[in-house]
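Residues per chain are reported as follows:
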Amino acid sequence: MKEPKLREIDERAFLRRLTPILGVYAAAMEPPAEQLPGRHTIMERHTTYPGFRAFVAERPRSLPGLNGTVVGFAYGFHGARGQWWHDVVHHALAERGGEEHAARWLDDPMEVAELHVHPDAQGHGLGRGLLGALCEGRPERTVVLSTLERRPDTPARRLYRSVGMEDLLTDFEFPGGGPRYAVMGGTLPLAPYPPE
């Protein structure tokens, strides 16, 4: 079977693929089913944010039964005041380290909103490729994201650390409850990936 190809897509192409994208999200994150309609709405809204950029990893269309199957995706945008995640994280960073600390990370950030690879396709460098493609050439000074806090040494956190990102908040609970997250940040451009 051919390896998935990374492809940059615009807002309209992202919205056309939103159902399979949500399928990858559900497989990777295992959220309660009742949360998926809300996640759909959030992802739609994110396409209107400034500097929106998205990539998908898709199986080749020429394979029978795998016509353009999305097996991974990543998207982000320019973070700014007035965006829910940005404001919540800014407040938490300012509380823990002061306003200057919060400004260092969130005055000019690229926010990686989602980066997921279907569990059946993990372990082949797709997450690494998606992150690199998403952040390449961005004009922002920093990159920030949140990742599940399941444990401090998940493959995702190892990936983010390998490009110079660091923990900004750990064991963090967003308003409304739910699982705990680590918020991580780094400077752009990302550090080169170390050899495998």
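Residues numbered from 1 in each chain as written. Predicted model: local features only at pLDDT ≥ 70, side-chain atom pairs only at ≥ 80, totals over all residues. Heavy atoms only, no water.

Looking at an unreviewed UniProt entry, one finds the chain named GNAT family N-acetyltransferase and attributed to Actinomadura yumaensis.

A.B. asks: Lay out the packing of helix α6 (residues 126-135) against helix α7 (residues 155-162) in plain terms, naming residues and giving numbers.
C.D. replies: Closest axis-to-axis distance for the α6/α7 pair is 11 Å, and the angle between their directions is 40°. Judged by the inter-axis angle, α6 sits oblique to α7. For the element pair α6 and α7, the recorded crossing hand is right-handed. Counted together, G127, R128 and L131 of α6 and L159, Y160 and S162 of α7 form the full contact between these two elements. Residues of the contact of α6 with α7, tallied by class, amount to three nonpolar, two polar and one charged. (Axes fitted to C-alpha atoms, helices over the stretch in contact; angles between N-to-C directions. Helix = DSSP H or I, 4+ residues; strand = E, 2+ residues; numbered from the N terminus. Parallel < 35°, antiparallel > 145°, perpendicular 65-115°, else oblique. Left-handed = near helix turned anticlockwise from the far one by under 90°. Contact = heavy atoms within 4.5 Å. Nonpolar A, V, L, I, M, F, W, Y, C, P; charged D, E, K, R; others polar.)

A.B. asks: So what's going on with the pairing of strand β7 (residues 181-187)? Which residues, and what values?
C.D. replies: In terms of burial, β7 is largely enclosed, as six of its seven residues are buried. One ladder, built from seven bridges, connects strand β5 (residues 142-148) with β7; its direction is antiparallel. The partner of S146 across the bridge, within β7, is V183. For strand β6 (residues 166-172) and β7, the ladder comprises four bridges, and the chain directions are antiparallel. What sits directly across from D167, in β7, is M184. (Buried < 20%, exposed > 50% of the residue type's maximum accessible area, 1.4 Å probe, protein only. Pairing = 2+ DSSP bridges.)

A.B. asks: Tell me what's going on with the environment of R141, and back it up with residues and numbers.
C.D. replies: For R141, the position within the fold is in the loop between α6 and β5. Taking the C-alpha atoms as reference, R141 lies 20 Å from G129; in sequence the two are twelve residues apart. Apart from residues lying up to four places away in sequence, R141 is in contact with A103, R104, W105, D107, D108, G186, T187 and L188. Looking at R141, its side chain comes within polar contact range of the main-chain oxygen of A103, at 3.4 Å. (Polar contact = N/O pair within 3.5 Å; in protein donor to acceptor, adjacent residues only side chain to side chain.)

A.B. asks: Which residues make up α6, and what values go with them?
C.D. replies: The element α6 is extensively covered by neighbouring structure, given that seven of its ten residues are classed as buried. Looking at α6, one finds that the buried residues are L126, G127, L130, L131, A133, L134 and C135. Looking one or two residues beyond α6, the residue adopting positive phi is G137, at roughly 75°.

A.B. asks: Let's hear about the pattern of salt bridges: which residues, and what values?
C.D. replies: With the rule as written, the count across this model stands at 13 salt bridges. The closest approach of N and O atoms between R39 and E114, which form a salt bridge, is 2.9 Å. In this pair, R39 is assigned in helix α3 (residues 36-46) and E114 in strand β4 (residues 109-117), connecting sequence segments 75 residues apart. Since its relative accessible area comes to 9%, E114 is described here as buried. (Salt bridge = Lys/Arg side-chain N within 4 Å of Asp/Glu carboxyl O.)

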